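What the coordinates show
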Amino acid sequence: MLNIPSLQGSVSPEEWQLRCDLAACYRLVALYGWSDLVFTHISAKLPESVSGPGEHHFLINPYGLMFDEITASSLIKVDMQCNKLHESPFPVNPAGFVIHSAVHEARPEAGCVLHTHTRAGVAVSAQKGGVLPISQQSTFVLGSLAYHEYEGVAFRDEEKPRLQADLGDANFLMLRNHGLLTVGKTIADAFLSMYTFENTCRIQIDAQAGGELTQVNPQIVSGVAQAMRVQTGGLGGAFAWPALLRKVQRDLPGYDS
């Protein structure tokens, strides 16, 4: 419907594959009900083999498109200041990139940063106790979880150092009174982490409506990293990603155009 010309022949095969994976991720977020109209973002870092030695370039959504409309060719390439690096009829949202640029700057190994404003995620982020160890899903999150206090709408660069310090080397970040964020080496890793984070919050809200809670033994939480490696055969998000691509191709085809 948007008649977006394909970029497949205009970018490297490596960039095109990243574009397809990121567009699929946006559509999966829509399919699972985690989107917030046209708001929030998922950013993917281009490797130096594409962006150039010492350069930091990223792909991000065209601002104003619903997540289920996003295609590989509509994604916009930006630098660390969110300046567009190629022609596009769509705008970008520099204010929305503040959190993402802060994370990418502090964590150069991060290939993808995924941020949501889901109902369950915001609900738990507003709870004083945060994520509680009451489900198997929560143990995966608690093994690498950090918190960042709410400072208003995140569009000020002055907030970046505090957010970076709070994140540290964690892969799950709960933005108090705001939402959820995951950091992954790949798009698949960030998506699988968000799937776990979101379900952790949904389970917690449901469980709190049903009476006294039973908490998981802290020793189990401390050994969860090894358990996760076993469950995915050491592949992380890559284990589930092919099946997720088949799902998005069935339910929302056209992402790879």
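For every chain, the first residue of its written sequence is number 1, and the numbers climb from 1 along that sequence. Reporting in this predicted model follows two pLDDT cut-offs: at least 70 for local features of residues, and 80 or more for side-chain atom pairs to be given and counted; totals over whole chains, interfaces and linings ignore these cut-offs and use all residues. The side-chain numbers reported here are obtained from all heavy atoms of the structure, hydrogens and water having been left aside.

What follows covers the nonpolar core. In this structure, Phe 191, Phe 197 and Trp 241 are the most contacted members of the largest nonpolar core, which totals 52 residues. The greatest single-element share of this core, amounting to 10 residues, is contributed by helix α1 (residues 13-31). Any two residues whose heavy atoms approach within 4.5 Å at even a single point are treated as in contact. Excluding residues that lie within four positions of it along the chain, Phe 197 makes contacts with Val 131, Val 141, Leu 145, Phe 172, Leu 173, Met 174, Leu 180, Leu 181 and Thr 182. Here, nonpolar core means buried Ala, Val, Leu, Ile, Met, Phe, Trp, Tyr and Cys residues that are tied together by side-chain atoms lying within 4.5 Å of each other. Whether a residue is buried, partly exposed or exposed follows from its accessible area with a 1.4 Å probe, protein chains only, as a fraction of its type maximum: under 20%, in between, or over 50%, in that order. In this structure, Val 113, Ala 146, Leu 163 and Val 183 belong to the second largest nonpolar core, which totals 14 residues. Under the scheme used here, helices are H or I runs from DSSP no shorter than 4 residues and strands are E runs no shorter than 2 residues, and both carry numbers assigned from the N terminus.

Listed in full, the buried residues belonging to helix α6 (residues 160-167) are Lys 160, Leu 163, Gln 164 and Leu 167. All buried residues of α6 lie within an arc of 100 degrees about the axis, which places them on one face of the element. Where α6 is buried, its residues contact α3 (97-106), β5 (145-148), β6 (172-175) and β7 (179-184). Looking one or two residues beyond α6, the residue adopting positive phi is Gly 168, at roughly 55 degrees. As used here, the arc belongs to the directions running from the helix axis to the C-beta atoms.

Moving on, we get to unusual backbone geometry. Unusually for a residue other than glycine, Asn 3 sits at a positive phi of about 50 degrees. Residue placement: Asn 3 occurs in the segment before α1. On the accessibility criterion, Asn 3 (71% relative accessible area) is exposed. Positive phi outside glycine occurs at Thr 40, with the angle close to 70 degrees. Along the chain, the position of Thr 40 falls in the loop between α1 and β1 (42-45). The class of Thr 40 is buried, set by a relative accessible area of 5%.

Functional significance is not addressed by these values, which are geometric in nature.
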